[in-house]
Amino acid sequence: MNLKRLMAVLLTALMLLGGLFSNVSLAAAPGSLKVFYSNNGAGTNSNQLYINIKLRNLGTSDIDLSKLTIRYYFTKDSNKELKYYSDYVSMGSVSTAFYDLSPAAAKADKYIEIKPSSGTISTAGAQWPKQSEVNIQGRVARSDWSNFDQSNDHSYMSATSQYVENPYIAVFESGTLIAGTVPGGVVSNPPTATKAATPTKSAATPTRFAPTPTKSVPTPTKSTVSHTPTPVTATSIPSKGEVFVTVDKTTAAVGNIIKATINVKDFDVIAGYQASLKYDPTVLQPVYLDGTQYDNSSTPEYGTLLQKRYSGTDMAANDLSKGILTFGRTYMALDSYKASGVKENNGSLAIIGFKVLKTTSTRITLENTPSLTNPVVGTMVFDWNGTQLNGYTVTQAAAINSGNVATPTKSVTPTKAPTPTKSAAPTPTAVTSVPPGAEVYVTVDKTTAAVGDIIKTTISVKGFDVVAGYQANIKYDPTVLQPVYLDGTPYDNSSSPEYGTLLQKRYSGTDMASNDITKGILTFGRTYMALESYKASGVKENTGSLAIIGFKVLKVSSTKIMLENASSLTNPVSGTMVFDWNGTQLNGYTVTQASTINSGSVATPTRSVAPTPTKSAAPTPTAVTSVPPGAEVYVTVDKTTAAVGDIIKATISVKGFDVVAGYQANIKYDTTVLQPVYLDGTPYDNSSSPEYGTLLQKRYSGTDMASNDITKGTLTFGRTYMALESYKASGVKENAGSLAIIGFKVLKVSSTKIMLENASSLTNPVSGTMVFDWNGTQLSGYAVTQAAAINSGSVATPTRSVTPTKAPTPTPTRSVAPTSTPTKSATPTPTPVPGKGEVYLTLDKTTAAVGDIIAATLNVKGFDVVSGYQANIKYDPSVLQPVYLDGTPYDSSSAPDYGTLLQKRYSGTDMAANDLSKGSLTFGRTYMNLASYKNSGVPENTGSLAVIGFKVLKAASTKITLENSPSLTSPVNGTMIFDWDGLQLSGYKVTQAASIN
């Protein structure tokens, strides 16, 4: 256990013992209060002094805020009147006053004194409603908004958008200096204030927050790696627009659900947002509007904006125990969004329900958090250039049950999700157990339409028991109709429909689309991936709309929009597939087609009923291209004899295929004998994906899925490339190597096996596997070789099972790879803080001929913990070309091959925004699920982060260097490193690679 963790344990123990001594003293012990500071990345010349302060109690006694005074020292440089603008106070309120420093010091002749009104900073590790830090954010400006010169200010360190420790801000307790330093080392008690102290707004004030003044607004910086990826550059714009929160009721009884909506209006264009909401978890519980409770990864229900046409991506990193929801959504395909010319700027972004646990006055407020960079009162908004906006207004929601006194007898405990009842595993393949009235039906909003009209087509369901996913294939005449979004934006071959009322975003909803616009075919679908969570909620979705598609009339002619079977659908019912929350494909339901359009009279919808399938172990498959004779999926284990506590490394591999683009697998094991773990010992949970093998790495939008049942000894997982067209266009096939690696910890010594087995969640599997090629075709006819038995007393001969050579076509689909780009900002001066560790770049060769590929590896060592990074590499594009190690060239969105760190257990997310013409690669990767990473207690700190190949174009002396760029915030020689608290690190060493040739 390192010193840092040991101290954390000791502090926790002291907290527990604190109750015995009742925390009698509220005085701060020397060194127990730390001052952290951010200035929104403002440089030395700025028209405002950004003074964002966090006071953190690291001691063992509570601190009374009313006894504290904070002083920020600066040089006035002018006699213009000064004014303080309060942006946010997390506890109570503050008053401020300006004083002349007497005698003046070399770097200060003025200071602002900030006095908290009330509150207590509890000891380290305090749980809600106690808080171990207070956050005070504000700005100082002159009456004429002229610039300050901060280069000679005592309390200014350097431009930083991250919170760093600042020893130059002084904090006094009852007049005694307890933190920081004063100019010249002499404490000057204030005479009469030069400006009357003005109380500032507290977090509880139900009024509109003052926007950042528009006059010469300074450019803030943006850090891309935080808890979520965000789009490109950050800058400021003229004050315009408003973010506002509304609640549908301000008086609510216990058990009521309050609908809170985050809205925007009067912006020019919006492409993404992030927000942090604070609430009292003893009074409110966040839920979906149907009552399903949130967990730490729950994202809100959608509003009217940022729906699914430009690769919308969600994030959430909540802390329910502390009453914090942090979430966001952004379009990733910004170029397509901008090219459409159709701006989204007024409407709702997110909807969150709050269940009332007890009747007491409370508030739901937008508040700044460390995970937001340069926030405006707990929000970040981006336009379609990826620019972070500033200067807008934020209006908080009204108070709830204002004036009420809590009645303890009426309080209820937060709802827990019901445990699903155990049932026998469903029979694989299609089933007929749908209610008699189950129906999929298509409606159109008009049956007579002129050229240019848009017909709204809706696919709906009713009468099912439960729906968890669907696929559909629509056929239309492309000479008569053009598929469009309802605002007129045309579809392309990867366009997914607009959402209906079902299958919204609480259980990892995943979309697919693989259209052929020239042939008049739309193939699409959506499914929940987190089926166990869906089932555990007990709340069934079964009646409503699945998808909405617009069709623009190109010519007036009688035509139909039809659901039709296609080879890409397995056992379809009139062009549809429907799945329940066991992952079982349903059958026996009715399909009702839409009315004819422009037929001269309204047509009666036709009804087609799917025939009941014959009872058999599996349906008759349709033919696909056969695989080569030697194609095989096989499982190996690194040991067949193992003691209790040993970890067995199981690897799923393939060989002999022509091309592999995706797979799914289902593994069965004995839970009394084995426990699935990562190779470092971290246990699996029901959403854990395996560690990667050598295939299906991150160049073609690789996407993982996992839906395990640890209690039953079942691991169901897979990975597929989504950008199949790009993969195919590369011409470089992946066909032999490892797909996945799983560790199994031995719980007792007993003969056992790790087996690939069929499951109802797999369609037409081959001995518990599904393999797909780069056409998205499911393959069959290959061999599956199981792993040898473990602790059997003798080594078992692996068994081979070969299945029929015919199988239906696939599940994986094509889609446009979403691209993530870093944010641009003014290049700040790094702020070194006490730190350790090294980032270093190595090459596998320093002498190379034309055509050779040099492997450049970005490594780290000596850090406490690493959870994310960004880097900017510069190279000479006339000498070197960035490629993958197999020779595939990079494009502007190519992310590097992975190293040994930051693999896929905590929602790893990549970003890349390269400029190949200028010889610049900007990229990064970060864990999003920091809470789970930290809870594991297993830090990653030494190893490789990324591997990039460089093909030699001409023999010349050259270098590959890490260099600062505007897209990195407070970089250290072209790098940014983050720990598992989401904090950006500094003070580490960066070592460049050797020269080439």
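Residues numbered from 1 in each chain as written. Predicted model: local features only at pLDDT ≥ 70, side-chain atom pairs only at ≥ 80, totals over all residues. Heavy atoms only, no water.

Identification of the protein chain as Cellulosome anchoring protein cohesin region from Pseudobacteroides cellulosolvens ATCC 35603 = DSM 2933 is taken from an unreviewed UniProt entry. The UniProt entry for the protein chain carries the following comment under Subcellular location (unreviewed entry): "Secreted". (UniProt positions renumbered as here; feature names shortened; annotations may be inferred.)

Let us now look at the overall build of the protein chain. Counting its regular elements, the protein chain contains 5 helices and 62 strands. Across the 997 residues that make up the protein chain, the buried fraction comes to 55%. At a minimum sequence separation of 6, the contacts of the protein chain that also span at least 24 residues come to 75%. When the accessible surface of the protein chain is summed, it comes to about 38300 Å², and 54% of that surface belongs to carbon and sulfur atoms. (Helix = DSSP H or I, 4+ residues; strand = E, 2+ residues; numbered from the N terminus. Buried < 20%, exposed > 50% of the residue type's maximum accessible area, 1.4 Å probe, protein only. Contact = heavy atoms within 4.5 Å. Areas by Shrake-Rupley, 256 points an atom, 1.4 Å probe, with all protein chains shown as cover.)

Two faces make up the sheet, and in a regular strand the side chains alternate between them. Residues T576 and V578 of strand β37 (residues 576-579) are buried on one face, and the alternating residues M577 and F579, pointing to the opposite face, are buried as well. Bridge analysis of strand β30 (residues 469-475) against β37 gives 4 bridges, and the strand direction is antiparallel. Note on β37: the bridge partner recorded for A472 is T576. (Pairing = 2+ DSSP bridges.)

The next point concerns the side chain of T752. Position of T752 among the secondary structure elements: in the loop between β47 (737-746) and β48 (755-756). In this structure T752 comes out as buried when scored by relative accessible area, which is 7%. Other than its neighbours up to four places away in sequence, T752 contacts D670, V673, L674, A789 and I790.

With that settled, consider the sheet that holds strand β3 (residues 49-57). Pairing is antiparallel across the open sheet formed by 5 strands, whose spatial order is β6-β10-β3-β1-β12. The open sheet has two edge strands with one neighbour each: β6 (82-89) and β12 (164-165). Note: β3 against strand β10 (residues 133-142), 8 bridges, orientation antiparallel. Looking at β10, one finds that L49 is bridged to V140.

Glancing now at the pairing of β10. Of all 10 residues that make up β10, 9 are buried, and the element is covered over most of its length. Judged from the 7 bridges that link them, β6 and β10 form a sheet pairing that is antiparallel. Within the sheet, the bridge partner assigned to K83 lies in β10 and is A141.

What follows deals with the nonpolar core. Residues V633, I652, F657, I667, F717, F744 and Y782 are the most contacted members of the largest nonpolar core, which totals 46 residues. Residue assignment for this core shows that the elements contributing at least two residues are β40 (632-637), β41 (647-655), β42 (662-668), β46 (714-721), α4 (724-730) and β47. The element contributing the most residues to this core is β47, with 5 residues. (Core = buried A, V, L, I, M, F, W, Y, C linked by side-chain atoms within 4.5 Å.)

Mapped onto the secondary structure, E367 falls in the loop between β25 (365-366) and β26 (379-382). Put simply, E367 is tucked away with no salt bridge, and the nearest opposite charge, on K278, sits 5.9 Å away. Of the polar contacts made by the side chain of E367, one reaches the side chain of T365; its length is 2.9 Å. (Lys, Arg positive; Asp, Glu negative; His and termini not counted. Salt bridge = Lys/Arg side-chain N within 4 Å of Asp/Glu carboxyl O. Polar contact = N/O pair within 3.5 Å; in protein donor to acceptor, adjacent residues only side chain to side chain.)

Under the defined criterion, the tally for this structure stands at 29 aromatic pairs. Their ring planes at 35° and their centres at 4.7 Å tell us that Y485 and Y491 sit as a pair that is tilted. Note on Y927 and Y933: the rings are 5.0 Å apart at their centroids and 75° apart in plane angle, and the pair reads as edge-to-face. We note that Y927, like Y933, is buried. Each residue in the set Y73, Y99 and Y111 is aromatic and connected to the rest through ring pairs, giving one cluster. Geometry around F148 places R142 over its ring, the cationic atom sitting 4.1 Å from the centre. (Phe/Tyr/Trp six-rings, centres within 6.5 Å; stacked < 30°, edge-to-face > 60°. Lys NZ or Arg CZ within 6 Å of the ring centre and 35° of its normal.)

With respect to the helices and strands, the residue T246 is situated in strand β17 (residues 242-247). Among residues more than four places away in sequence, those in contact with T246 are K259, A260, T261 and N263. At 3.4 Å, the side chain of T246 forms a polar contact with the side chain of N263.

In this section: the pattern of salt bridges. Taken as a whole, this structure holds 19 salt bridges when the rule is applied. Between R56 and E133 there is a salt bridge, and its shortest N-O distance comes to 2.9 Å. Here R56 is found in strand β3, whereas its partner E133 is found in strand β10, with 77 residues between them in sequence. On the accessibility criterion, E133 (23% relative accessible area) is partly exposed. The salt bridge partner of D864 is K836, with a shortest N-O separation of 3.1 Å. With a gap of 28 residues between them, D864 in the loop between β53 (853-861) and β54 (868-874) and K836 in the loop between β51 (800-802) and β52 (838-843) connect regions that are remote in the sequence. Through salt bridges with shared partners, a single network forms among K54, R56 and E133.

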